[in-house]
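# Tertiary structure, described
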Amino acid sequence: MKTTFALLAAMMLAGCATSPYAIIDGTQSQVSDPDNYDVKILSVDGKRLPKEDIENVSPGFHYINLVTTKRLNTRAKDADYKMLAIDVKECTRYLVTAQHKNSVRDEWEPKVLREEPIKACTPGEKSETAEVLTVVTDAEG
């Protein structure tokens, strides 16, 4: 009975294993820079979100729509929205901010302050089959 329970528990825990991921974090603006602000994440690859501060994404290329948290001077509809095209690596946290030109103007650009490893994330293993197929495809083309 105990063996059956232990086996069942092990199978359930194995099913909980997560695949590698990355994090887009908009909450870590540079305090030392008065023109650097946090961002909210509006969407990832066109999928709308309820203005998240932090979002988990799968490794690979993504389009991230962001909005600055700075109160803007103009009422231009798209002045506070920007798109960040980024190729994220697995098990990496990307600290993304809004870098404004200065305190008077509303112009800004998304900025990746830094990348940090996610300690709790386990990188995936590359498939040897996929590598062989890539080599064969390159040799033919």
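Structural data are supplied above this passage.
In this report, we go over the structure that sits alongside the text. For clarity, every value in this text was computed on a predicted model and none was experimentally measured.

Each value, and the rule that gives it
Residues numbered from 1 in each chain as written. Predicted model: local features only at pLDDT ≥ 70, side-chain atom pairs only at ≥ 80, totals over all residues. Heavy atoms only, no water. Helix = DSSP H or I, 4+ residues; strand = E, 2+ residues; numbered from the N terminus. Contact = heavy atoms within 4.5 Å. Salt bridge = Lys/Arg side-chain N within 4 Å of Asp/Glu carboxyl O. Buried < 20%, exposed > 50% of the residue type's maximum accessible area, 1.4 Å probe, protein only. Core = buried A, V, L, I, M, F, W, Y, C linked by side-chain atoms within 4.5 Å.

### Some thoughts on the environment of phenylalanine 61
Topologically, phenylalanine 61 is positioned in strand S6 (residues 60-68). It is 6.2 Å that separates the C-alpha atoms of phenylalanine 61 and valine 88, two residues lying 27 residues apart in sequence. Ignoring sequence-local partners within four residues, the contact set of phenylalanine 61 consists of Asp45, Ala85, Ile86 and Asp87.

### A short note on unusual backbone geometry
Of note in the backbone geometry, aspartate 45 takes a positive phi value of approximately 50° without being a glycine. Here aspartate 45 is to be found in the loop between strand S3 (39-44) and strand S4 (47-52). At cysteine 91, a position not held by glycine, the phi torsion is positive, near 60°.

### Examining the pattern of salt bridges
Applying the stated criterion across every chain, the model contains six salt bridges. A salt bridge links aspartate 53 to lysine 40; the shortest N-O distance between them is 2.6 Å. Of this pair, aspartate 53 sits in the loop between S4 and strand S5 (54-57) while lysine 40 is found in strand S3, placing the two residues 13 residues apart along the sequence. Glutamate 116 is paired through a salt bridge with arginine 114; the nearest N and O atoms lie 3.0 Å apart. A relative accessible area of 26% places glutamate 116 in the partly exposed class. Given a relative accessible area of 41%, arginine 114 falls into the partly exposed group.

### Description of the nonpolar core
Residues Ile24, Ile41, Ile64, Leu66, Val88, Tyr94 and Val96 are the most contacted members of the largest nonpolar core, which totals 16 residues. At the level of elements, strand S1 (22-25), S3, S6, strand S7 (81-88) and strand S8 (92-100) are the ones that each hand at least two residues to this core. With near-sequence residues (within four places) excluded, tyrosine 94 lies in contact with Ala22, Ile23, Ile24, Asp25, Ile86, Asp87, Val88, Lys89, Val112, Arg114 and Glu115.

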